[in-house]
Amino acid sequence: MNTPIFLYNTLDNIGSLAELDETALLIRLVSNLSEFYRHSLSGGNLIVSIAEELELTQAYVNIMQIRYVDKFSFFYGLTPGEIRARRCLKLLLQPIIENSIYHGVKELDGFGHITVRVLMCHSDIKFVIEDNGPGIPEEALNLQNISGKGHFGIQSIQKRIQMYYGDHYGLTMQNREQGGLRTIIIIPGEEGAEHEL
């Protein structure tokens, strides 16, 4: 995430809402911004529970849904439910969601949908993020799935995952047959599979 731009844009939104006297919307935006940064800082911890990561992601999405009114929906589901307590790198999902908004649903004439599913896959944890946007060019998919201008956050996530968990883990991206993009992140689900950055 390009934090300064995100923060500046959000502060601009706050200023505009204040000028328009949109008090209820302004309170929602400030509350979600506070929630997002509270989770982002999380005492300086690099590793958080999946529940905390999803709360951080939801706060980010809430801000973007205020910015892009009636543009897209967001839903996440977990299987099994106790996966919430498992741990993952902080800010693992936000750059993927940002990519789905800016390069996906924002480009649609119609309504966008972004979903996140978190599930156990043998002893690993799999995150599946899907949108119904235009997808990305096949040549970008062929270049280790993370190439292309404007996808620095995706490249950064791939590097962080592999530095922390090893080369067997990471993300892949594929265009969905029914339209849109599917991003899959796989990390180890076992305790003790984490390494110092």
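Rules used throughout
Residues numbered from 1 in each chain as written. Predicted model: local features only at pLDDT ≥ 70, side-chain atom pairs only at ≥ 80, totals over all residues. Heavy atoms only, no water. Helix = DSSP H or I, 4+ residues; strand = E, 2+ residues; numbered from the N terminus. Buried < 20%, exposed > 50% of the residue type's maximum accessible area, 1.4 Å probe, protein only. Contact = heavy atoms within 4.5 Å. Areas by Shrake-Rupley, 256 points an atom, 1.4 Å probe, with all protein chains shown as cover. Polar contact = N/O pair within 3.5 Å; in protein donor to acceptor, adjacent residues only side chain to side chain. pLDDT = per-residue confidence, 0-100. Axes fitted to C-alpha atoms, helices over the stretch in contact; angles between N-to-C directions. Parallel < 35°, antiparallel > 145°, perpendicular 65-115°, else oblique. Left-handed = near helix turned anticlockwise from the far one by under 90°. Nonpolar A, V, L, I, M, F, W, Y, C, P; charged D, E, K, R; others polar. Pairing = 2+ DSSP bridges. Phe/Tyr/Trp six-rings, centres within 6.5 Å; stacked < 30°, edge-to-face > 60°.

Visitor: Explain the overall build of the chain to me, please; I cannot follow it from the model alone.
Guide: When helices and strands are tallied, the chain shows six helices and seven strands. Listing each helix as α and each strand as β along the chain from the N terminus yields α-α-β-α-β-β-α-β-β-α-α-β-β. Across the 197 residues that make up the chain, the buried fraction comes to 47%. For the chain, contacts bridging at least 24 residues in sequence account for 71% of all contacts bridging at least 6. Carbon and sulfur atoms make up 52% of the accessible area of the chain, which totals about 10,300 Å².

Visitor: For this particular structure, what's the right way to read the side chain of Glu130?
Guide: Relative to the assigned elements, Glu130 resides in strand β5 (residues 124–131). For Glu130, a relative accessible area of 11% gives the class buried. In terms of polar contacts, Glu130 uses its side chain to reach the side chain of Arg182, at 2.5 Å. Each residue touching Glu130, except ones within four places of it in the same chain, is listed here: His113, Ile114, Thr115, Arg117, Arg176, Leu181 and Arg182.

Visitor: Looking at this model, I keep getting lost on the confidence of the model for the chain. Mind explaining?
Guide: Detailed reading of the predicted coordinates is not advisable wherever pLDDT is low. Mean pLDDT for the chain: 84, with 86% of residues reaching 70 or above. Of all secondary-structure elements in the chain, the lowest mean pLDDT belongs to helix α5 (residues 138–142), at 71, while β5 reaches the highest, 97.

Visitor: Which parts of the structure should I look at to understand unusual backbone geometry?
Guide: Most peptide bonds adopt trans geometry, and most residues besides glycine take a negative phi value. The omega torsion of the bond from Thr79 to Pro80 falls at -5°, within 30 degrees of zero and hence cis. With respect to the helices and strands, Pro80 occurs in the loop between β2 (72–79) and β3 (87–89). We note that Asp70 has phi near 55°; this positive angle belongs to a residue other than glycine. Looking at the secondary structure, you find Asp70 in the loop between α3 (50–67) and β2. On the basis of relative accessible area, Asp70 is assigned to the exposed category, the value being 67%. The backbone of Leu91 shows a phi angle near 60°, a positive value even though the residue is not glycine. Summarising the element assignment, Leu91 is placed in the loop between β3 and α4 (94–102).

Visitor: Mind showing me how you'd approach the packing of α3 against α4 here?
Guide: Think of two packed helices as two axes; the pair is described by the angle between the axes and how far apart they sit. Where α3 meets α4, the axes come as close as 10 Å, and the angle between the chain directions of the two elements is 25°. Here α3 lies roughly parallel to α4, going by the angle between them. The element α3 and its partner α4 pack so that their crossing is right-handed. Across from Glu53, Leu56, Thr57, Tyr60, Val61, Met64 and Arg67 in α3, the residues of α4 making contact are Gln94, Ile97, Glu98, Ile101 and Tyr102. Residue composition of the contact of α3 with α4, by class: seven nonpolar, two polar and three charged.

Visitor: Help me understand the sheet that holds strand β6 (residues 170–175), please; the structure alone is not making it clear to me.
Guide: Hydrogen bonds along the backbone pair up the strands of a sheet, which may run parallel or antiparallel. Ordered by their spatial adjacency, five strands build an open sheet running β2-β4-β5-β7-β6, and the pairing between neighbours is mixed. Two strands lie at the open edges of the sheet, namely β2 and β6, each paired on one side alone. Neighbour to neighbour, the strand axes of the sheet diverge by 15° on average, direction disregarded. Taken strand by strand, α3 contacts β2, β4 (112–121) and β5, and its axis lies near 170° from that of β2.

Visitor: Please explain the packing of aromatic side chains as it appears in this structure.
Guide: Ring pairs (aromatic) are described by centroid distance and by the angle formed between their planes. Going through the model one piece at a time under the given rule, you end up with four aromatic pairs. Ring geometry for Phe74 versus Tyr76: centroids 6.2 Å apart, planes at 55°, classification tilted. Classification of Phe74 as buried rests on a relative accessible area of 13%. Tyr76 gets classed as partly exposed once you look at its relative accessible area, which sits at 23%. Taking the centre distance of 5.0 Å and the plane angle of 80° together, the rings of Tyr164 and Tyr165 count as edge-to-face. The exposure class of Tyr165 is buried, given its relative accessible area of 6%. Ring-pair connections join several aromatic residues into one group, and the members of that group are Tyr164, Tyr165 and Tyr169.

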